[in-house]
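Working through the structure, step by step
The residues making up each chain are set out below.
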Amino acid sequence: GKLLAARLTGYGHRTDVTVVALPRGGVPVGYEIACALHAPLDVLEVRKLGVPENPEFAMGAIASGDVRVLDKAVIKALKITPEQIEAVTALKKLELQQQEQLYRICREPLMVRNRLVILTDDGVATGWTMRAAIASLRTQLPTDIVVAVPVAAPSICQKMKAEADAVVCLSTPAHFFAVGQSYREFSPISDSLICDLLETTKNI
């Protein structure tokens, strides 16, 4: 987060910037950016939609605001039925709503209309959750969306440039396998830590 903030100094001390982080891992990253830029911090809930036989393999994602993006190529190749897609979506939507209710106790949603949004996570693997987040934010009419992440696969970083207004990727390793490979410490982030970080930035 501190390294990203150093690349984003041009957005510092502006009155129209909001940092939006994807829980859970993106929140500590977003916190460092928000503190460095003196910008408010919010969260946007997203969930990966895994294929029925292999939940770790993404066929799309959903985000707050009833947004869903689907990988039509994967769905066609694996012959996933509409009924299967809806079943996975319903389960993930319930998880998303429960998590969102928890975080909204800590922080009321911030308005991003007519504001520049710096959207961050701890990294981007397939890109589907980030694409869902961008689509969700677009419905709220920000002036610009700047995706800022510590690490992403080179091809995914290029694809995000077509959907965001600007993209900052600190690292794009040629042999990218998982986000965690770029971290010395990649332990799970607790909900209580996320709430603490959101509370800390309320007065920024």
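See the structure shown above.
Here goes a summary of the coordinates provided.

What follows is about the overall build of the chain. From N to C terminus, the chain includes 7 helices and 8 strands. By the compact-globule yardstick of 17 Å for 204 residues, the chain fits well, its C-alpha radius of gyration being 16 Å. Here the chain, with 204 residues, has 48% of them falling under the buried criterion. Restricting to contacts in the chain with at least 6 residues of sequence separation, those with at least 24 account for 65%. Surface exposure of the chain reaches about 10,400 Å², of which carbon and sulfur atoms provide 54%. Put simply, the chain has 22 plus and 22 minus side-chain charges, and the middle of one group is 5 Å from the middle of the other.

Across the sheet, 3 strands lie side by side as β3-β4-β5; this open sheet has antiparallel pairing. The open sheet is flanked by β3 (46-51) and β5 (67-70), the only strands paired with a single partner. Strand after strand, the sheet turns through a mean of 40° between neighbouring axes, direction not considered. Helix α4 (residues 82-106) contacts β3, β4 (54-63) and β5 of the sheet and is inclined by roughly 155° relative to β3. Lying over the sheet, helix α5 (residues 128-138) contacts β3, β4 and β5, oriented at roughly 10° with respect to β4.

The strand order across the open sheet formed by 5 strands is β2-β1-β6-β7-β8, and the pairing between neighbours is parallel. For this open sheet the edge positions go to β2 (41-43) and β8 (166-171), each flanked by a neighbour on one side alone. Recorded for the sheet is a direction-independent mean angle of 25° between the axes of neighbouring strands. Here 5 bridges tie strand β6 (residues 116-120) to strand β7 (residues 144-151), and the two strands are oriented parallel to one another. Note that in β7 the partner of Val-117 across the bridge is Ile-145.

What follows is about the pattern of salt bridges. Using the criterion set out here, one finds 12 salt bridges in the structure. Residue Arg-14 pairs with Asp-16 through a salt bridge whose shortest N-O separation is 2.8 Å. Residues Arg-68 and Glu-86 are paired through a salt bridge, measuring 3.1 Å at the closest nitrogen-oxygen approach. A residue pair is termed long-range when its members are at least 10 positions apart, and Arg-68 in strand β5 and Glu-86 in helix α4 qualify at 18 residues. On the accessibility criterion, Glu-86 (44% relative accessible area) is partly exposed. Through salt bridges with shared partners, a single ionic network connects Glu-45, Arg-47, Lys-92 and Glu-95.

Right, let's get into α5. Side chains that are three or four residues apart share a direction in an α-helix, a result of its 3.6 residues per turn. Within α5, the full set of buried residues consists of Trp-128, Met-130, Ala-132, Ala-133, Ile-134, Ser-136 and Leu-137. Buried residues along α5 sit in contact with β3, β4, β5, β6, β7 and α6 (154-160).

Across the junction of Pro-23 and Arg-24, the peptide omega takes the value 0°, indicating a cis bond. Position of Arg-24 among the secondary structure elements: in the loop between β1 (17-21) and α2 (26-37). In this model, His-38 sits at a positive phi of 55°, which is unusual for a non-glycine residue. You can see His-38 is positioned in the loop between α2 and β2. Phi at Leu-141 takes a positive value of approximately 60°, unusual for a residue other than glycine.

What counts, and at which threshold
Residues numbered from 1 in each chain as written. Predicted model: local features only at pLDDT ≥ 70, side-chain atom pairs only at ≥ 80, totals over all residues. Heavy atoms only, no water. Helix = DSSP H or I, 4+ residues; strand = E, 2+ residues; numbered from the N terminus. Rg over C-alpha atoms; globule rule 2.2 N^0.38 Å. Buried < 20%, exposed > 50% of the residue type's maximum accessible area, 1.4 Å probe, protein only. Contact = heavy atoms within 4.5 Å. Areas by Shrake-Rupley, 256 points an atom, 1.4 Å probe, with all protein chains shown as cover. Lys, Arg positive; Asp, Glu negative; His and termini not counted. Charge placed at Lys NZ, Arg CZ, Asp CG, Glu CD. Pairing = 2+ DSSP bridges. Axes fitted to C-alpha atoms, helices over the stretch in contact; angles between N-to-C directions. Salt bridge = Lys/Arg side-chain N within 4 Å of Asp/Glu carboxyl O.

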